[in-house]
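# Inside the fold
Chain by chain, the residues:
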Amino acid sequence: MALKSVGELKDSVAGLLQGVDVNDVTDVDGAIERAARTLAQQADIPEMSGRESITLYNGVYNYECPEYMFGAAVVDLRPQGVDRSPIDFVYKKPGEQFDRTKAYLPNGYMVTFESNKGERILRVATPKTFPKTVLDTMSSTTGWVAAGSASGLTTDTTNYYQVPASLRFLLTGASTGTLTKTLTNSISIPTFENVAVGFLAIQTPSITDLTSLYVRVGSDSSNYDEVTATEGFLGAFQVNEWLLVAFDMSTATSTGTPDWTAIDYIQVGVAHTATIVNFRVGGFWLSLPAPHELLFQSSAIFKHTDGTVTNDIENDNDEIILSDSPYNLFLYESAISIAEQVNGGNADGVAAVYTKKLYDPNVGLYAMYRGDNPSQELRMIGSWYDGDDIVQNY
């Protein structure tokens, strides 16, 4: 199928607007991009969708949203490959209901969405991940030794990532503080070697003074794998927020010959440039990756000359990845959007005609398109105002 270019779309819009020179319209590309977002809201179009790999981990509920997901428009979440049970439904829930019931989901997937400082977060709960191995809950100082710039190690029973407590300590000056523990009983996890991802829960009162963290996992202090992280699992460190830091063991640097059939040595290192009071850690575990695919709606319909598909126009040579039927909708939406920016309202009357052509509830193009292409987007089940526990609904 030959795709239309942005330049060809502008020529067609000029004809629809009866001779308006679209090149004289302020921010015409912005108007066309706005039309794409409107189209994504009005109709669920197969070409306006995305599929992205997402790796899920046991004990981890927060993940980055795909860059080009339109709002919270999830179509499906499924295992990669063909291994899917007929009872693996996907439920979209309000955040409060997600939190209360995420540990009780018997099958399938439960999703919800949050935003933190402009970063969109996809929350996922599922029993379809491999069981994690907890190396230490970090709720007791027993066995832990603070060294380097770390001192004053104590338990904190009022501020923690998970009950009943966290470990709190002082980091002095500009250096690296360490917490080290030798497990009472070694753990045999050979399938985790070079595959698992370690997750460390931390809370820091300063991100300016925090440089990086490292973890060492091994069979003793001379034989271990080490991984360093300079940000959290979801991006930059945050002040006074509990967050997870991920350590991909497939990227580990080995010292000696660590024996993953007898893991009993753990060390956490915190590099800092100034004194940090009340740094906290709240649990450390290893999880195996569970590969999945996320399907979603998107307004990314502009294909650049390098093959990249985004929601931004680069130039008039960009192709529009729509087949004939949705392209027709997009053409009229673009005409309306551009008409809104024409000086003096010269195209208002024509735009009103095209608005009726699209939106008439009986014979409008959107009504006809939706009839042939019903939405596959997951809809919210439940309400923010529900007071009843919904676990039994599963």
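What counts, and at which threshold
- Residues numbered from 1 in each chain as written.
- Predicted model: local features only at pLDDT ≥ 70, side-chain atom pairs only at ≥ 80, totals over all residues.
- Heavy atoms only, no water.
- Pairing = 2+ DSSP bridges.
- Helix = DSSP H or I, 4+ residues; strand = E, 2+ residues; numbered from the N terminus.
- Axes fitted to C-alpha atoms, helices over the stretch in contact; angles between N-to-C directions.
- Buried < 20%, exposed > 50% of the residue type's maximum accessible area, 1.4 Å probe, protein only.
- Parallel < 35°, antiparallel > 145°, perpendicular 65-115°, else oblique.
- Left-handed = near helix turned anticlockwise from the far one by under 90°.
- Contact = heavy atoms within 4.5 Å.
- Nonpolar A, V, L, I, M, F, W, Y, C, P; charged D, E, K, R; others polar.
- Phe/Tyr/Trp six-rings, centres within 6.5 Å; stacked < 30°, edge-to-face > 60°.
- Lys NZ or Arg CZ within 6 Å of the ring centre and 35° of its normal.
- Salt bridge = Lys/Arg side-chain N within 4 Å of Asp/Glu carboxyl O.
- pLDDT = per-residue confidence, 0-100.

This part takes up the sheet that holds strand E7 (residues 119–125). Pairing is mixed in the open sheet, where four strands are placed in the order E3-E7-E6-E5. The open sheet terminates on both sides in strands that have one partner only, identified here as strand E3 (62–64) and strand E5 (90–92). Between one strand axis and the next, the sheet turns by 35° as a mean value, whatever way the strands run. Pairing between E3 and E7: three bridges, direction antiparallel. Its bridge partner lying in E7, Tyr63 is registered against Leu122.

Moving on, we get to helix H1 (residues 6–16). Residues of H1 that are buried include every one of Val6, Gly7, Leu9, Lys10, Val13, Ala14 and Leu16, and no others. A positive phi of about 55° marks Gln18, the residue just after H1.

Quick look at the packing of helix H2 (residues 28–42) against helix H4 (residues 324–339) now. Axis separation between H2 and H4 bottoms out at 8 Å; the angle between their running directions is 130°. By the criterion of interaxial angle, the relationship of H2 to H4 is oblique. Note on packing geometry: the crossing formed by H2 with H4 is right-handed. Where H2 approaches H4, its residues Val28, Ala31, Ile32, Arg34, Ala35, Ala36, Thr38, Leu39 and Gln42 are matched on the opposing element by Pro326, Leu329, Phe330, Glu333, Ser334, Ser337 and Ile338. When the residues that make up the contact of H2 with H4 are grouped by side-chain class, the tally is 10 nonpolar, four polar and two charged.

Under the criterion given, the structure shown has 12 aromatic pairs. Ring geometry for Tyr161 against Trp242: centres 6.1 Å apart, planes inclined by 55°, an arrangement best described as tilted. Here Tyr161 is found in the loop between strand E10 (150–156) and strand E11 (166–171), whereas its partner Trp242 is found in the loop between strand E15 (223–229) and strand E16 (243–248), with 81 residues between them in sequence. With centroids separated by 5.6 Å and ring planes inclined at 50°, the aromatic side chains of Phe169 and Phe279 adopt a geometry described as tilted. Placement of the pair is Phe169 in strand E11 and Phe279 in strand E19 (residues 276–287), with a sequence separation of 110 residues. Put simply, the rings of Tyr57, Tyr63, Tyr161, Phe199, Phe233, Trp242 and Trp285 touch in pairs and so form one group of aromatic residues. When the ring centre of Tyr61 is taken as origin, the NZ or CZ atom of Lys102, which lies over that ring, is 5.4 Å away. Residue placement shows Lys132 over the ring face of Trp285; its charged tip is 4.6 Å from the ring centre.

Turning our eyes to something else, we now look at the pattern of salt bridges. Inspection of the entire model under this criterion finds 19 salt bridges. The partner of Asp88 in a salt bridge is Lys128, and the shortest N-O contact between them spans 3.1 Å. Linking Asp88 in the loop between strand E4 (74–79) and E5 with Lys128 in the loop between E7 and strand E8 (133–136), this pair joins segments that are 40 residues apart in sequence. Here the salt bridges do not stand alone but share partners, grouping Asp44, Lys92, Glu377 and Arg379 into one network.

Within the secondary structure, Ile202 sits in strand E13 (residues 197–203). We classify Ile202 as buried; its relative accessible area is 0%. In contact with Ile202, other than residues within four places in its own chain, are Leu210, Leu213, Phe237, Glu241, Trp242, Leu243, Val245, Phe279, Arg280 and Val281.

With that out of the way, let us pick up the confidence of the model for the protein chain. Across the protein chain, the average pLDDT comes to 93, with 95% of residues at 70 or higher. Of the regions scoring below 50 in pLDDT, residues 388–394 engages in 15 contacts with residues more than four places distant in sequence or in other chains.

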